[in-house]
Amino acid sequence: MKRVLMKRVLAVFGLVFLGMFVLGTGVAHGQVPGSIVVWGENGHDQCGVPGANADFVAVSGGRYHSLGLRSDGTILAWLFNWDGQCEVPGTNGDFTAVAAGFIHSLGLKSDGTIVAWGDNAQGQCDVPGTNGDFTAVAGGMHHSLGLKSDGTIVAWGWNTQGQCDVPDPNADFIAVAGGKLHSLGLKLGGTIVAWGYVGHGQCDVPEPNTGFIAVAAGENHSLGLKSDGTILAWGNNLDNQCDVPDPNTGFSAVAGGGSHSLGLKSDGTIVVWGRNDEYQCDVPAPNEDFIAVGGGSFHSLGVKGPDTPVETAFYATLVPEDNTVLLRWVLPGCPGVGLRIYRSLSADGPYSCLTPNPLDPVLGSYVDETAWPGGTFWYELRALLASEEEVLATDIHPSVVVPGTLVFGIRYVMPNPATARTTIGYTLPNGWRSARLSVHDVTGRLVQQLDPATGAQGFVAVDWDGRASSGEQVASGVYFVRLEVDGAMATQRMVLLR
């Protein structure tokens, strides 16, 4: 039983959505490292991992080359090197994410800069503007994409079909992916935006376009992972790369190859479908213990975690795409009937409860969306006993540093659209003097005043029940949430559907 639990907890770390033309974004530090398994076309030895095959946390595949990111921040690139796509420039270290284009490669550094190398005939290795403040990176066929910490996407390189022209509004993105001639971005609210070549329908996101948590791209098809663990695929389906095999459930990561698709299940298995002429869909046995997945043109990649049982595990990992904190735990023999998560700004406490409703006490996960830039956060697990008393579930107290500087701003409005009640998450800087949170209609008329509590700072969440100051329910329509702090203002659009 211990071994099974460990396999499951390792599998859920596969939230690195990588692939051939895919979003090469991944959480490098804090993950459980493993070894790489590669299968499919091997004409240039892209399936043979050179050197010590250990300590990898992410993978990505190009046309004839492969990339692996190690837990120490170094990148291993191997085989077909005609254009130097396997020669990592400068100091090979301090990388946090990796992505492969067709014949070029990209890596994201912990300082927010992007390094690109290999074929540069279309300028796909020339990062435009200020090279900094990036949180994610992706490689297309001959173009590249980077996601900035302010939620904007920068794209450069080959632009014959507008694949580098990010549609307005270029804001609120949390993930990015690149295909042959198209690009995709995932918005904070769970919608996908696609642009570029539309000849195969790869930019026509199926309805309902909501509830997505990850995005990936193949050559001429696109994929999205839903929060319920299902995958949607659309675009070119000549090789059935858009037909997700049954049962379409339990997925935790998604990737796109040339004309094949890959999904990582929460049980550590990989499912591959689509073109299989080079056996890129035949996952080598034993198909288990995988923690990450990626796709090349005609080959596939996975990272296997160590098959070592543990008694107790509690991980806290920064997700750089949106500066949230991913918590995972396995607690065999936990004495409680439920579990609560507590957080502190100091290792010594005090700790505040994040989850008043108890969670799974044995194996589970939680995303802390309320951590703010510039803060260091410690976490604690407490078991809720049948007597309603609480005891420490483990002595492990992981901590995470969220980079950046805390500034005021609206973090999210969820759900959006809303049918009644919605939650507004926003941040307040230290030492603010005056703050005002309000809801307005499209004419600018004040609908409801939601002032923050005196002395509040960091992340604050406020519920709005869809009522005006008079107490009456407001009508369906478009509204604007406005946050004013010391003379500066931020707004976010929301829709109310009755």
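These numbers come from a predicted model, not from an experiment. (Residues numbered from 1 in each chain as written. Predicted model: local features only at pLDDT ≥ 70, side-chain atom pairs only at ≥ 80, totals over all residues. Heavy atoms only, no water.)

Caption draft 1: Layout of the sheet that holds strand E15 (residues 221–226). Spatially, E14-E15-E16 is the arrangement adopted by the 3 strands of the open sheet, whose pairing is antiparallel. A single partner strand is all that each edge strand has here, and the edge strands are strand E14 (212–217) and strand E16 (231–235). Taking each pair of neighbouring strands and ignoring which way they run, the sheet shows an average axis angle of 20°. Examined bridge by bridge, E14 and E15 share 5 bridges and lie antiparallel to one another. (Pairing = 2+ DSSP bridges. Helix = DSSP H or I, 4+ residues; strand = E, 2+ residues; numbered from the N terminus. Axes fitted to C-alpha atoms, helices over the stretch in contact; angles between N-to-C directions.)

Caption draft 2: Quick look at the sheet that holds strand E8 (residues 134–139). What the 3 strands build is an open sheet, ordered E8-E9-E10; its pairing is antiparallel. At either margin of the open sheet sits one strand with a lone partner, and together these are E8 and strand E10 (153–157). Averaged over neighbouring strand pairs, the angle between their axes works out to 20° when direction is ignored. Summarising the sheet, strand E9 (residues 143–148) and E10 pair through 5 bridges and their orientation is antiparallel. Within E10, the position partnered with Leu147 by the bridge is Ile153.

Caption draft 3: Quick look at the pattern of salt bridges. The tally for this structure, following the rule as stated, stands at 9 salt bridges. For Arg275, the salt bridge is made with Asp277, and the minimal N-O distance between the two is 3.0 Å. The shortest N-O distance in the salt bridge between Arg382 and Glu380 comes to 2.6 Å. Classification of Arg382 as partly exposed rests on a relative accessible area of 21%. With a relative accessible area of 7%, Glu380 lands in the buried category. (Salt bridge = Lys/Arg side-chain N within 4 Å of Asp/Glu carboxyl O. Buried < 20%, exposed > 50% of the residue type's maximum accessible area, 1.4 Å probe, protein only.)

Caption draft 4: Fine view of the pairing of strand E27 (residues 376–384). The sheet contact formed by strand E24 (residues 338–344) and E27 spans 7 bridges and is antiparallel. Bridge pairing in E27 places Arg343 opposite Tyr379. Pairing of E27 with strand E28 (residues 390–392), which is carried by 3 bridges, proceeds in the antiparallel orientation. Within E28, the position partnered with Arg382 by the bridge is Leu392. Two successive antiparallel strands, E27 and E28, enclose a turn made up of 5 residues, where Glu388 displays a positive phi of approximately 75°.

Caption draft 5: Inspection of the side chain of Asp441 at higher detail. For Asp441, the location among the structural elements is in strand E32 (residues 435–441). Side-chain polar atoms of Asp441 contact the side chain of Thr443, separated by 2.6 Å. In this view, Asp441 contacts Val447, Val478, Tyr479 and Phe480; residues no more than four positions away in its chain are not counted. (Polar contact = N/O pair within 3.5 Å; in protein donor to acceptor, adjacent residues only side chain to side chain. Contact = heavy atoms within 4.5 Å.)

Caption draft 6: Structural view of the confidence of the model for the chain. On average, residues of the chain score 85 in pLDDT, and 90% of them are at 70 or above. Every residue in residues 1–31 is under pLDDT 50, and counting partners more than four places away or in other chains gives 162 contacts. (pLDDT = per-residue confidence, 0-100.)

Caption draft 7: Looking closely at the packing of aromatic side chains. Enumeration over the complete set of coordinates arrives at 6 aromatic pairs. Aromatic side chains Trp39 and Phe290 sit 6.4 Å apart centroid to centroid with 55° between the ring planes, which places their arrangement in the tilted category. Remark: Phe290 occurs in strand E20 (residues 290–295) and Trp39 occurs in strand E1 (residues 35–40); sequence separation between them is 251 residues. Of the residues examined, Trp39 reaches a relative accessible area of 5% and is grouped as buried. Between Tyr64 and Phe80 the ring centres are 5.2 Å apart and the planes differ by 65°, which places this aromatic pair in the edge-to-face class. Of this pair, Tyr64 sits in the loop between strand E2 (56–61) and strand E3 (65–70) while Phe80 is found in the loop between strand E4 (75–79) and strand E5 (95–100), placing the two residues 16 residues apart along the sequence. For Tyr64, a relative accessible area of 21% translates into the label partly exposed. Residue class for Phe80 comes out partly exposed when judged on its relative accessible area of 22%. Across the ring face of Phe251, the terminal group of Lys265 is positioned such that the distance to the ring centre comes to 4.4 Å. Looking at Arg382, its charged tip hangs above the ring of Tyr342, at a distance of 3.7 Å from the centre. (Phe/Tyr/Trp six-rings, centres within 6.5 Å; stacked < 30°, edge-to-face > 60°. Lys NZ or Arg CZ within 6 Å of the ring centre and 35° of its normal.)

Caption draft 8: Layout of the nonpolar core. Counting 24 residues, the largest nonpolar core has Ile424, Tyr426, Leu428, Leu437 and Trp464 as the members making the most contacts within it. Top element by residues in this core is strand E35 (residues 477–485). It accounts for 4 residues. The contact partners of Ile424, leaving out residues within four places of it in the chain, are Ile410, Tyr412, Val413, Leu437, Leu450, Val460, Ala461, Val462, Trp464 and Val481. Counting 22 residues, the second largest nonpolar core, distinct from the first, contains Cys334, Ala371, Phe377 and Phe459. (Core = buried A, V, L, I, M, F, W, Y, C linked by side-chain atoms within 4.5 Å.)

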